[in-house]
2 protein chains.
Amino acid sequence: MGLQNTRTSNYADWYLNVVKAADMAENSPARGCMVIKPWGYGIWENIKSSLDEMIKETGHENCYFPLFIPLSLFQKEADHVDGFAKEMAVVTHSRLENKDGKLTPASPLEEPLVVRPTSETIIAESFAKWVGSYRDLPIMINQWANVVRWEMRTRMFLRTAEFLWQEGHTAHSTEEEAVDETLTMIECYRKLAEDYMAMPVIVGRKTELDKFPGAVDTYGIIAMMPDGRALQAGTSHYLGQNFAKSANISFQNKNNKPEFAYTTSWGVSTRLIGGLIMTHGDDEGLKVPPRIAPYQVVIVPIYRNDDTTSRDEVNEYAENLEKELKKSMPFGEKIRVKFDKRDRTPVDKRWEWLRKGAPIVVEVGPKDIEKNSVAVVYRNRMEDKKQFIDFNEFTATTKAKLEEIQTEMFENAKKLRDESIIEIDNWDDLVAHFKPKNKFLEAEGKSPAFVKIKWCGCNEQELEDKLKEFQAAIHCITNEEAKGKCVVSGEDNARYEVLVARSY
Amino acid sequence: MGLQNTRTSNYADWYLNVVKAADMAENSPARGCMVIKPWGYGIWENIKSSLDEMIKETGHENCYFPLFIPLSLFQKEADHVDGFAKEMAVVTHSRLENKDGKLTPASPLEEPLVVRPTSETIIAESFAKWVGSYRDLPIMINQWANVVRWEMRTRMFLRTAEFLWQEGHTAHSTEEEAVDETLTMIECYRKLAEDYMAMPVIVGRKTELDKFPGAVDTYGIIAMMPDGRALQAGTSHYLGQNFAKSANISFQNKNNKPEFAYTTSWGVSTRLIGGLIMTHGDDEGLKVPPRIAPYQVVIVPIYRNDDTTSRDEVNEYAENLEKELKKSMPFGEKIRVKFDKRDRTPVDKRWEWLRKGAPIVVEVGPKDIEKNSVAVVYRNRMEDKKQFIDFNEFTATTKAKLEEIQTEMFENAKKLRDESIIEIDNWDDLVAHFKPKNKFLEAEGKSPAFVKIKWCGCNEQELEDKLKEFQAAIHCITNEEAKGKCVVSGEDNARYEVLVARSY
């Protein structure tokens, strides 16, 4: 079967081919927005519920802030920012009227409303209102919502005008507690990416220039895509007292003195699904790791027009299989099984589910009933032949098999990533590495890889400017206690090991 | 303690007092929108997950359509509707700029975008694209999302400009299947209201004038509020081929002939929480039924400044209680326990949780440790004294207790509702019943109740106009096979029994 564009022939089109082949999303009539179809949304639901459990276990509560933010709330921010300009959707009217047969916006608002690009400003305002004494702290909340940023160049899941995300915001009475919180959440993101999405990530602190404006420290998880580029998949910010000062989030401390709160914020979005597609897509479509697959096992019935085995018998056999499988509890949850009875050929159905990346596709027909067996294809080992497995053996081993697939997908992705990390210890090699025509790597048939360099922290702006010429950047600090020669200064004064790579 | 306004002294203010006392939501800087705080949002999350499970079990999949709908998609609808005018938020600009220190909308859009009041039009457009053959049917999808309707008079949860809801949309190849679907979903709503929210409802079909415009049939669930008014809490529509015709959702049927699909739609919103507050609020705050309570048991520690029992010992005892309770599985799910360690007095904490309506509040202090007991208050029986229960007995019986509270809350609400339903068999008594000063009921100290009348279906418009004078309306048909005298015509030709009541 195979996609129109393979990963190596045309990477950008291959990505969109996978989205389409797996039937995850499509463009919508509203520019830059997408329709997330059941398979794509089902993956998001599983990502969401996995992370939500961690968010609650670490002491946070969910809440919901309004979609609209009055313009005046941004005015304060604009007062502090030179040349403030933001790409945001602005609501100016509250009514549609039919004027001479043409629909027209009517009833202009006194004050325009901005569709939230984040809920940061409005949450900060609430925090200021809710916090009075140290007894009110910590406040640890999270919101799952849609946000809008007017992007000019969009790309399904990776960058869309509207996207779905969570944003966590916390306020604490001590710096120590807030720093702990920042680190706790980046660790939750690492677990989400690695243990659930089978997507290996590098966790690190951002450099001065790269951190979130106004943050004291920003931590990120960075995944390597198959074209060697780095995808930032989630960030967690320790904001010190900076945001509390501008939003006036202050409290009476235990000594009855006023003090500004120590705040954090952290978020991940549907962009994670873009990372998933690139990490686990191949030239047939997508592979979804079992833990976040909307269906972990799909049963495809085969009906034959013969006298010996009726359609009803096949259905009964399949339903029995479904029932037995549903007793299985991989990852501590009931297995998600789909019995696909739609009126299409078995071959079409099998391929549809393999393109979507359901981990296990099982066919059952008259011959299988005769032998009390099932015919199984494992999506992550599609090159293997269809396996005929005894019914009871299959139902007894599926739990373990799904867990094995989950591990194998992560280990494979990790091996690939680890093999693509190289260390470079001098400036010339670094430049050579990222030059558009990379001779070393092309000869080896490799795409540009992740590079680790040692650095003393000098000349950050010049370094970033230089790397930018090759579309590369420093992504994070991977070791805060490195020693040796600084690749930039050439002196024996390195303090950091940092990750350099091309970026999305 | 008690609220400022009791339910009988000032019903409207009492409602807002409960919202505040239970710390569920507050008004936001954006007009008509609310901030849903953790306790309110936690209730919504549990309502949502309970219903979502039913939605999935009945064969539906979730997906996500964009927030924005281009104006042109509404133009077609406007062409069909005389005097089309809709209260909707309209986005006209995509940028904010700082002009002479004042933030101003900039970059006008070529085509304005409407913030979805429902996703109906955009989903219909997708269906038209997705459906080609009978093999593509049924399509059964659902969306959880925020929607915006520019309401002038808002009331937290009951009517807000932005609200959260789900909308289900399905398309089928036969009328029979679509009718079944409509009924399946109204039954899911009944189960949600009664079995999860402990809110008794009457299920019925809407009359011709009351049904959703364009629907063949609309079914609703109607709850009685303590002021005797009817709250419509959810609806399910069988749309026949009407919507398919206007949106061009057609398919090749099995005989290879083109045919329009048979569609349905159904929805419930955060308005349900308004119903919950009125059903289970009292003059102290809210009572939340255990199945949807964010926390089912709250543990409040009591620390004393004595030498014998340290703070650590109390914490250890409480944590042990928490651990034991978490093994309990009421309703097939792990019990939701909160150990409230905040730095406030035990009395303040106890009252806070009782106002919020946590079903069980348990205090543990040095005296309890001594006796290996716990001090328990049940929110639904707050008039009872605090009960001292043996630690092991308490942990062993909490599962059953929560289920008992759930049943009791439903039975109490149902008894109250059932006692307030009266039958009226002639026009004069009906008018007398709903006249602003209702002598019968006032004398008995009762609020206006639900009335059942028999009706042949005649003069619907005049009947509704007359009832409207008393703010009343027909809410649904409660019996399709009634016999006897029609209250309107006076003839012995009744066909329906209908529910008449004042409305929200």
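Residues numbered from 1 in each chain as written. Chains lettered and ligands numbered in written order. Predicted model: local features only at pLDDT ≥ 70, side-chain atom pairs only at ≥ 80, totals over all residues. Heavy atoms only, no water.

### A look at the overall build of chain A
Across its full length, chain A holds 14 helices and 26 strands. Expected size for 504 residues packed as a compact globule is a radius of gyration near 23 Å; at 26 Å, chain A falls within 12% of this value. Here the C-alpha coordinates of chain A stretch approximately 85 × 65 × 55 Å along the principal axes. Out of the 504 residues belonging to chain A, those deemed buried represent 57%. Of the contacts made within chain A by residues no fewer than 6 positions apart, 69% connect residues no fewer than 24 positions apart. Surface accessibility of chain A: about 21700 Å² in total, with carbon and sulfur atoms responsible for 46%. (Helix = DSSP H or I, 4+ residues; strand = E, 2+ residues; numbered from the N terminus. Rg over C-alpha atoms; globule rule 2.2 N^0.38 Å. Buried < 20%, exposed > 50% of the residue type's maximum accessible area, 1.4 Å probe, protein only. Contact = heavy atoms within 4.5 Å. Areas by Shrake-Rupley, 256 points an atom, 1.4 Å probe, with all protein chains shown as cover.)

### Overview of the pairing of strand β12 (residues 230-238) of chain A
All names here are of chain A. For β12, the buried fraction is high: 8 of the 9 residues fall into the buried class. As defined by bridge partners, strand β11 (residues 217-224) adjoins β12 across 8 bridges and the pair is classed as antiparallel. Bridge pairing in β12 links I221 to G234. The antiparallel pairing of β11 with β12 creates a hairpin that spans 5 residues between the two strands, and G228 there sits at a positive phi of about 85 degrees. The pairing of β12 with strand β15 (residues 262-269) spans 4 bridges and is classified as antiparallel. Directly across from H237, in β15, lies its bridge partner S265. (Pairing = 2+ DSSP bridges.)

### Notes on the packing of helix α8 (residues 311-326) of chain B against helix α11 (residues 391-419) of chain B
Residues and elements named next belong to chain B. Where α8 meets α11, the axes come as close as 9 Å, and the angle between the chain directions of the two elements is 30 degrees. Viewed along their axes, α8 and α11 adopt a mutual orientation that is roughly parallel. Crossing of α8 over α11 shows right-handed handedness. Along its contact with α8, which presents Y317, N320, L321, E324 and L325, the element α11 presents F391, F394, T395 and T398. Taken together, the residues of the contact of α8 with α11 sort by class into 5 nonpolar, 3 polar and 1 charged. (Axes fitted to C-alpha atoms, helices over the stretch in contact; angles between N-to-C directions. Parallel < 35°, antiparallel > 145°, perpendicular 65-115°, else oblique. Left-handed = near helix turned anticlockwise from the far one by under 90°. Nonpolar A, V, L, I, M, F, W, Y, C, P; charged D, E, K, R; others polar.)

### Some remarks on the sheet that holds strand β21 (residues 373-378) of chain B
Residues and elements named next belong to chain B. In spatial order, the strands read β19-β18-β20-β21-β22; together these 5 strands make up an open sheet with mixed pairing. Both edges of this open sheet fall to β19 (337-339) and β22 (387-390), since each of them pairs with a single strand only. Taking each pair of neighbouring strands and ignoring which way they run, the sheet shows an average axis angle of 30 degrees. Here β21 runs beside β22; their pairing, made up of 4 bridges, is antiparallel. Paired with A375 across the strands is F388, a residue of β22. This element, α8, spans β18 (297-301), β19, β20 (360-364) and β21 of the sheet and lies at about 170 degrees to β19. Lying over the sheet, helix α9 (residues 346-356) contacts β18, β19, β20 and β21, oriented at roughly 170 degrees with respect to β18.

### A look at the sheet that holds strand β18 (residues 297-301) of chain A
Residues and elements named next belong to chain A. The mixed open sheet is built from 5 strands, whose spatial order is β19-β18-β20-β21-β22. Looking at strand neighbours, the two that pair on one side only are β19 (337-339) and β22 (387-390), the edges of this open sheet. Ignoring strand direction, the axes of neighbouring strands in this sheet form an average angle of 30 degrees. In terms of strand pairing, β18 meets β19 through 3 bridges, oriented parallel. Bridge pairing in β19 places V297 opposite V337. Sheet contacts for helix α9 (residues 346-356): β18, β19, β20 (360-364) and β21 (373-378); angle to β18, the most-contacted strand, approximately 170 degrees.

### Focus on the packing of aromatic side chains
This model, assessed by the stated rule, comprises 25 aromatic pairs over all chains. For the pair W39(B) and Y295(B), a centre-to-centre distance of 6.2 Å together with 40 degrees between the ring planes defines the contact as tilted. Residue W39(B) is found in helix α2 (residues 38-57), and its partner Y295(B) is found in the loop between β17 (285-286) and β18; the two are separated by 256 residues along the sequence. For W39(B), a relative accessible area of 3% corresponds to the buried category. Relative to W144(B), the ring of W44(B) has its centre 6.0 Å away and its plane inclined at 75 degrees; by these criteria the two rings are edge-to-face. Highlighted residues: W44(B) in helix α2 and W144(B) in strand β8 (residues 139-148), separated in sequence by 100 residues. Of the two residues, W44(B) and W144(B), both sit in the buried class. Members of the aromatic cluster, each reached through a chain of ring pairs, are W39(A), Y295(A) and W353(A). Its guanidinium or amino end placed over the ring of W14(A), R7(A) lies 5.7 Å from that ring's centre, counting from NZ or CZ. (Phe/Tyr/Trp six-rings, centres within 6.5 Å; stacked < 30°, edge-to-face > 60°. Lys NZ or Arg CZ within 6 Å of the ring centre and 35° of its normal.)

### Here's the deal with the relation of the copies chain A and chain B
The transform that puts chain A on chain B rotates by 180 degrees and translates by 0.0 Å along the axis, for an RMSD of 0.0 Å. Taken together, the turn and the small shift mark the pair as related by a two-fold rotation axis. Of the C-alpha atoms belonging to chain A, the one lying closest to the rotation axis is found on V91(A), 2.1 Å away. Comparing interface residues between copies, 100% of those in chain A also lie at the interface in chain B; the contact surface is shared. (Least-squares fit on C-alpha atoms with pLDDT ≥ 70 in both.)

### Digging into the interface of chain A and chain B
If you look at the interface, chain A gives 74 residues, while chain B gives 74 residues. Buried surface at the junction of chain A and chain B, summed over both partners, amounts to about 6100 Å²; 59% is from carbon and sulfur atoms. Of all residues in chain A, Y64(A), L96(A) and L103(A) give up the largest surface area on contact with chain B, accounting jointly for 12% of the area buried on that side. Joining chain A to chain B, the criterion identifies 10 salt bridges. (Buried area = accessible area lost by both parts, 1.4 Å probe. Salt bridge = Lys/Arg side-chain N within 4 Å of Asp/Glu carboxyl O.)

### Points about the pattern of salt bridges
In the structure shown here, the tally under the stated rule is 72 salt bridges over all chains. Across the pair E87(B) and R95(A) runs a salt bridge, and its minimum N-O distance is 2.4 Å. Residue E87(B) is found in the loop between β5 (85-86) and β6 (90-99), and its partner R95(A) is found in strand β6 (residues 90-99); the two belong to separate chains. Classification of R95(A) by relative accessible area gives partly exposed; the value is 21%. Measuring nitrogen to oxygen at the nearest pair gives 3.2 Å for the salt bridge that ties K326(A) to E322(A). Salt bridges sharing common partners tie together D23(A), E26(A), K37(A) and K129(B).

### Regarding helix α14 (residues 460-469) of chain B
Residues and elements named next belong to chain B. Among all positions in α14, only E460, L463, E464 and L467 are buried. Along α14, the residues classed as buried sweep out an arc of 95 degrees about the axis, all on the same side. Looking at the packing, one finds that the buried side of α14 touches α12 (427-434), β24 (450-455), β25 (472-479) and β26 (496-502). Positive phi shows up at Q471, right after α14, with a value of about 60 degrees. (Arc of directions from axis to C-beta.)

### Observations concerning the state of the cysteines
All names here are of chain A. Applying the stated criterion across every chain, the model contains 0 disulfides over all chains. C188 forms no disulfide, and the closest cysteine sulfur to it belongs to C63, at a distance of 17 Å. For C188, a relative accessible area of 5% puts it in the buried group. In this model C486 remains outside any disulfide bridge; the closest cysteine sulfur is found in C456, 3.7 Å from its own. (Disulfide = S-S within 2.5 Å.)

### Regarding the side chain of E167(B)
Residue and element names in this part refer to chain B. Relative to the elements of secondary structure, E167 occurs in strand β9 (residues 162-172). This buried residue, E167, is left without a salt bridge; R116 holds the nearest opposite charge, at 5.9 Å. A polar atom in the side chain of E167 sits 2.9 Å from the backbone nitrogen of S119. If sequence neighbours within four positions are ignored, E167 has contacts with T118, S119, E120, I123, I141, N142, Q143, V147 and W266. (Lys, Arg positive; Asp, Glu negative; His and termini not counted. Polar contact = N/O pair within 3.5 Å; in protein donor to acceptor, adjacent residues only side chain to side chain.)

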